[in-house]
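Remarks on the overall topology
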Amino acid sequence: KGISENCDRCCTKTGGSCSNRRMAAQQAYYMLTRLDLPCARVFLRSRAPSAGGLANANLRRWVGWTRRLGRPIARGNHGRVKIKRQTPVFDIKWIRENPEAFDAGLKRRGHSAISAELIATDEKRRAHVTMLQEMQSCRNAASKEIGKAMGAKDIVLADKLKAEVATLKDKLQAGEEEERQLNAALAEKLSGIPNLPLIDVPEGVDENDNVEVRKWGDPPKFDFAPKQHFEIGEAMGLMDFETAAKISGARFVVLKGALSRLERAIASFMLDLHTSENGYTEYLPPFLVRDEAAYGTGNLPKFAEDLFQTTNGFWLIPTAEVSLTNMVREEVLAADQLPMRCTAWTPCFRSEAGSAGKDTRGMIRQHQFSKVELVSITTPEQALEEHERMTASAEKVLQRLKIPYRTMLLCTGDMGFASRKTYDIEAWLPGQDTYREISSCSVCGDFQARRMNARYRAGDKDLRYVHTLNGSGRAVGRTMVAVLENYQQADGSVVIPQLLRPYMGGVEVIGLQE
């Protein structure tokens, strides 16, 4: 209040152009955002018309700074998650100029046309913004005239102008609240729209319409009926679902002894392969993330029910993709920093909502599992080539382990929400006599980058959104499932693949006695 009153008195004489006013605007905005008061932007626009442009230009900087200092953020429940600040997911200008192409892309994903509704919402928002700008111009002009009237000692005119300014101020405050509501309405509609598929993605409804791209290795032949992984592990006494259920409920497991070490060995092998041969840098990121991070990768708000949330508002990561990709959130990278290639071995947590009755036994579908994740940040020109490279890196894991697999190109109906194109790598599981997905590698275009406001400098004055990719370098538990089933022996033992033996302290076979 003190800052604003001083500024009002000062600007009566200076016309609102002094540096003190601009500095005061920054100080006021900082204090108000630290206090989490909703009137921050109204305060700046109404009290500091000449500094409003500067304050708005620095809006993202101040919000980012205060959030990093730990200011609380708005949170909702799992039914309706509220993100404090949503960056537009799609370029509404592009939608206005290409409504048919936009609707055609959505149709391929099984969604109805929505461009007309989005454009109508945006037109209403733009018309309202124009009205506010005109109103603000009138207020600025009237404010300047007050100074002239006071200088001419025309008290009647000055009072009339002050009353006009006060009326415009009230209208602006009400109008800015409506503007926020219109912006939020458009952002909410855009945030629930899936990414548009690339032209070479086959159209389809579900996994039955996916297309096989290639197959590697021949399924092993056994002179006995092969068992499923949970039958092997339980017979060894090293895979305990009953104890896990007593501790945590369904879809958990306790691994013991050699199997616990085997999971660690597989993860270590994957990390060594990706960092030493495939050019990835290893990270150990947070396992708990904020709303904005989950929103950035597309998990919020649409898929909140698939995640676990702590009582103080953090989200447990469903994959390290969330943490790794968000490392570039609100950053401007240099072009020579790209591509960035990141990998991490982390626990992952998923509620498996909608999976009732699926894979109820074993380690295929669990609430908690570990995974080695691959994430790449690229320029638009690098993205598709990087997608093929990432998929090849994931395939190399199974090739080195000598586990047969096939690579599938997912159809439009089976792709993830943020993906433009996805390859699934499916390992052969003899116990199930089928291929099962063990890795997914997706290219997301600028879909996630827009949500994160992650950009790179293509030229001196040319800022562009980065493109993001993510893939499983692999799910460690599912890879162990494939090892157990493909390397099982008639007596119930399991041979350790050659390249994993150094990680297992030289152990060559896990037997029943283990």
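Below, the discussion takes up the pattern of salt bridges. Taken as a whole, this structure holds 23 salt bridges when the rule is applied. Among the salt bridges present, the one from E203 reaches R108, with a minimum N-O distance of 3.5 Å. Separated by 95 residues along the polypeptide, E203 in the loop between α9 (155–191) and β1 (211–216) and R108 in helix α7 (residues 99–108) bring together distant segments of the chain. Classification of R108 by relative accessible area gives buried; the value is 15%. Residue K371 pairs with E373 through a salt bridge whose shortest N-O separation is 2.7 Å. Each member of the pair, K371 as well as E373, is classed as buried.

Further remarks concern the sheet that holds strand β15 (residues 462–465). Strand order in the open sheet made by the three strands is β8-β14-β15, with mixed pairing throughout. This sheet does not close on itself; its edge strands, each paired only once, are β8 (332–334) and β15. Within the sheet, the average angular offset between the axes of one strand and its neighbour, ignoring direction, is 45°. Where strand β14 (residues 455–459) meets β15, four bridges bridge the pair, whose relative direction is antiparallel. In the sheet register, Y456 faces β15, and the bridge partner there is R464.

Here the chain averages 85 in pLDDT, while 82% of its residues score no lower than 70. Every residue in residues 1–79 is under pLDDT 50, and counting partners more than four places away or in other chains gives 107 contacts.

Moving on: the nonpolar core. The biggest cluster of nonpolar side chains holds 53 residues, and the ones touching the most others in it are M239, L259, L262, I266, I403, L484 and I510. If you list the elements that add at least two residues to this core, you get α10 (229–236), α12 (257–276), β10 (368–378), α15 (383–401), β12 (421–429), β13 (434–443) and α17 (476–486). A total of ten residues in this core trace back to one element, the largest contributor, which is α12. Ignoring any residue separated from it by four or fewer positions in sequence, one finds L484 in contact with H229, I232, M239, L259, L262 and V494. In this structure, L186, V289, I317 and F417 belong to the second largest nonpolar core, which totals 27 residues.

What follows concerns the sheet that holds strand β6 (residues 308–309). Taken in spatial order, the three strands of this open sheet run β5-β7-β6, and their pairing is antiparallel. The sheet is open, and its two edges are formed by β5 (288–289) and β6, each paired on a single side. Pairing of β5 with strand β7 (residues 315–316), which is carried by two bridges, proceeds in the antiparallel orientation. Paired with L288 across the two strands is L316, which belongs to β7.

Let's shift gears to the packing of aromatic side chains. Think of a pair of aromatic rings as described by two things: how far the centres are apart, and how the planes are tilted against each other in angle. Evaluation of the coordinates by the stated rule reveals eight aromatic pairs. Ring centres 5.6 Å apart and planes at 80° place the aromatic pair F417 and F447 in the edge-to-face group. Placement of the pair is F417 in the loop between β11 (405–409) and β12 and F447 in helix α16 (residues 447–452), with a sequence separation of 30 residues. Since its relative accessible area comes to 11%, F417 is described here as buried. Within the aromatic cluster, the residues linked to one another by ring pairs are F90, W94, F102, F303, F417 and F447. Geometry around Y423 places R214 over its ring, the cationic atom sitting 6.0 Å from the centre. For the cation-ring pair, R451 lies above Y295, with the distance from its terminal atom to the ring centre recorded as 4.1 Å.

Let us now look at unusual backbone geometry. The residue after L300, namely P301, is reached through a cis peptide bond having omega 0°. With respect to the helices and strands, the residue P301 is situated in the loop between α13 (291–296) and β6. A cis amide bond links L338 to the next residue, P339, at an omega of 5°. Relative to the helices and strands, P339 is located in the loop between β8 and β9 (340–349). Backbone geometry places E330, a non-glycine residue, at a positive phi of 60°. In this structure, E330 sits in the loop between α14 (321–325) and β8. A relative accessible area of 31% means that E330 is categorised as partly exposed.

Definitions and cut-offs
- Residues numbered from 1 in each chain as written.
- Predicted model: local features only at pLDDT ≥ 70, side-chain atom pairs only at ≥ 80, totals over all residues.
- Heavy atoms only, no water.
- Salt bridge = Lys/Arg side-chain N within 4 Å of Asp/Glu carboxyl O.
- Helix = DSSP H or I, 4+ residues; strand = E, 2+ residues; numbered from the N terminus.
- Buried < 20%, exposed > 50% of the residue type's maximum accessible area, 1.4 Å probe, protein only.
- Pairing = 2+ DSSP bridges.
- Axes fitted to C-alpha atoms, helices over the stretch in contact; angles between N-to-C directions.
- pLDDT = per-residue confidence, 0-100.
- Contact = heavy atoms within 4.5 Å.
- Core = buried A, V, L, I, M, F, W, Y, C linked by side-chain atoms within 4.5 Å.
- Phe/Tyr/Trp six-rings, centres within 6.5 Å; stacked < 30°, edge-to-face > 60°.
- Lys NZ or Arg CZ within 6 Å of the ring centre and 35° of its normal.

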